[in-house]
Amino acid sequence: MTQTALIVGASRGLGLGLVVEHLKRGFAVIATVRKPEDEAALRALPGAEHLTLHLADVTSNADIARLATDLPDGLDIVFINAGVYGPSSVTEASLEDLDAVMRTNAFGPIRLAHALVGHLKPETGVLALMSSVMGSIAETDSSYGAVYRATKAAQNSLARSLWADEGRKAGITVLSVHPGWVRTDMGGPGADIDVDTSVAGMADQLSAAAGRRDHRFVAYDGREIAW
């Protein structure tokens, strides 16, 4: 039976890579983008006949509600990939800019996650959120990226709260996933790994997590990351 994966935030980079990887693995894929002009690259992919597209912005309550209404039940995987780097300084940035990056990286993704829990297959469904090792408090030894770190730490905490209540009741697995330091627009050309390596590893972690019914913070290569 064909498995179905929803990839939220699929217009480029890791989101686009996750769509490509799951199509290659024989999934029916549902993908979201924020703008109609972002659909062309997805529609041109090999296997696009198995791809369904929706428009959605994770910071929009209306988009979240519409997506939750339009999606089918019985999803095997939901991967919410949304994030911006944001301001470099918590003291120099405006409160409006700080609020915006927190909405995009933490509150929006988690509000969407809550709306989609009921669409996942009970017992075997996997809900994943794109986190970062920079969200680990235990592994932080630098002030670099303090605002971004805070948003990902907040997302991790909210993901644990979601799992502890709705997720555990539904019997699903929740993953907070570090993709590695990847050569993307955000990661830069000097990063450690390419997109293909990252998304293949993340897809392996999603597959291995089915049925665990826990919440873990893992890297694309399976390394458990300290909270």
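Further up the page is the structure itself.
Reading the values: the criteria
Residues numbered from 1 in each chain as written. Predicted model: local features only at pLDDT ≥ 70, side-chain atom pairs only at ≥ 80, totals over all residues. Heavy atoms only, no water. Helix = DSSP H or I, 4+ residues; strand = E, 2+ residues; numbered from the N terminus. Rg over C-alpha atoms; globule rule 2.2 N^0.38 Å. Buried < 20%, exposed > 50% of the residue type's maximum accessible area, 1.4 Å probe, protein only. Contact = heavy atoms within 4.5 Å. Areas by Shrake-Rupley, 256 points an atom, 1.4 Å probe, with all protein chains shown as cover. Pairing = 2+ DSSP bridges. Axes fitted to C-alpha atoms, helices over the stretch in contact; angles between N-to-C directions. Salt bridge = Lys/Arg side-chain N within 4 Å of Asp/Glu carboxyl O. Parallel < 35°, antiparallel > 145°, perpendicular 65-115°, else oblique. Left-handed = near helix turned anticlockwise from the far one by under 90°. Nonpolar A, V, L, I, M, F, W, Y, C, P; charged D, E, K, R; others polar. Phe/Tyr/Trp six-rings, centres within 6.5 Å; stacked < 30°, edge-to-face > 60°.

*Asks:* How should the overall build of the protein chain be read in this particular structure?
*Replies:* Broken down by element type, the protein chain carries six helices and seven strands. When the helices and strands of the protein chain are listed from N to C terminus, the series reads β-α-β-α-β-α-β-α-β-α-β-α-β. For the protein chain, whose C-alpha radius of gyration is 16 Å, the value lies close to the compact-globule estimate of 17 Å for 227 residues. Taking the principal axes of the C-alpha coordinates as reference, the protein chain spans close to 50 × 40 × 35 Å. Put simply, the protein chain has 227 residues, and 52% of those count as buried. Long-range pairs, those at least 24 residues apart, make up 65% of the contacts in the protein chain with a sequence separation of at least 6. Accessible area of the protein chain: about 10500 Å², with a carbon and sulfur share of 52%.

*Asks:* When you look at the sheet that holds strand β2 (residues 28-33) in this model, what are you seeing that I'm missing?
*Replies:* Strand pairing in a sheet relies on backbone hydrogen bonds. The paired strands run either parallel or antiparallel. Strand order in this open sheet of seven strands is β3-β2-β1-β4-β5-β6-β7, and the pairing throughout is parallel. Of all the strands in the sheet, just β3 (51-55) and β7 (215-219) have a single pairing partner and so form its edges. Strand after strand, the sheet turns through a mean of 20 degrees between neighbouring axes, direction not considered. Both strand β6 (residues 173-178) and β7 contribute to a ladder of five bridges, which runs parallel.

*Asks:* How should I be thinking about the pattern of salt bridges in this particular structure?
*Replies:* Evaluation of the coordinates by the stated rule reveals 13 salt bridges. Asp165 is the salt-bridge partner of Lys169, the closest N and O atoms lying 2.9 Å from each other. Separated by four residues within a single helix, Lys169 and Asp165 lie in helix α5 (residues 146-170), roughly one turn from each other. Using a relative accessible area of 37% as the deciding quantity, one classes Asp165 as partly exposed. Among the charged side chains, a salt-bridge network with shared partners connects Glu21, Lys24, Arg25 and Asp204.

*Asks:* Got a minute to help me understand the packing of helix α4 (residues 95-116) against α5 in this structure?
*Replies:* Between two packed helices, the angle of one axis relative to the other and the distance separating the axes together describe the packing. Remark: α4 packs on α5, axes separated minimally by 9 Å, with the N-to-C direction vectors making an angle of 20 degrees. Judged by the inter-axis angle, α4 sits roughly parallel to α5. Helix-helix and strand crossings are classified by hand; for α4 and α5 the assignment is right-handed. From α4, Leu98, Val101, Met102, Asn105, Ala106, Phe107, Ile110, Ala113 and His114 reach across to α5, where they touch Val147, Tyr148, Ala150, Thr151, Ala154, Gln155, Leu158, Ala159, Leu162 and Glu166. A per-class count over the contact of α4 with α5 returns 14 nonpolar, four polar and one charged.

*Asks:* Just to check I follow, could you spell out unusual backbone geometry for this structure?
*Replies:* Peptide bonds are, in most cases, trans, and in most cases residues other than glycine have a negative phi. One non-glycine residue, Glu123, lies in the positive phi region at around 80 degrees. For Glu123, a relative accessible area of 39% gives the class partly exposed. Located in the positive-phi region is Arg213, a residue other than glycine, with phi close to 60 degrees. Along the chain, the position of Arg213 falls in the loop between α6 (195-209) and β7. Of the residues examined, Arg213 reaches a relative accessible area of 43% and is grouped as partly exposed.

*Asks:* Looking at this structure, I do not really get the packing of aromatic side chains. What am I missing?
*Replies:* Two aromatic rings, taken as a pair, are described by how far apart their centres are and by the angle between their planes. Summed over the entire model, instances satisfying the criterion amount to three aromatic pairs. Considering the side-chain rings of Tyr85 and Tyr148, the 5.4 Å spacing of their centres and the 25 degrees angle between planes classify their relative orientation as stacked. In this pair, Tyr85 is assigned in the loop between β4 (77-80) and α4 and Tyr148 in helix α5, connecting sequence segments 63 residues apart. Residue class for Tyr85 comes out partly exposed when judged on its relative accessible area of 24%. An aromatic cluster is defined as three or more aromatic residues linked by ring pairs; in this entry it consists of Tyr85, Tyr144 and Tyr148.

*Asks:* Please clarify how the environment of Ser207 should be interpreted in this entry.
*Replies:* The topology assignment puts Ser207 in helix α6. Taking the C-alpha atoms as reference, Ser207 lies 19 Å from Asp73; in sequence the two are 134 residues apart.

*Asks:* Explain the packing of helix α3 (residues 61-70) against α4 to me, please; I cannot follow it from the model alone.
*Replies:* Packing of α3 against α4 leaves a shortest axis separation of 9 Å and a crossing angle of 25 degrees. Of the possible angle classes, the one that applies to α3 and α4 is roughly parallel. Helix-helix and strand crossings are classified by hand; for α3 and α4 the assignment is right-handed. Judged by residue contacts, Asn61, Ile64, Leu67 and Ala68 of α3 engage Gly108, Arg111, Leu112, Ala115 and Leu116 from α4.

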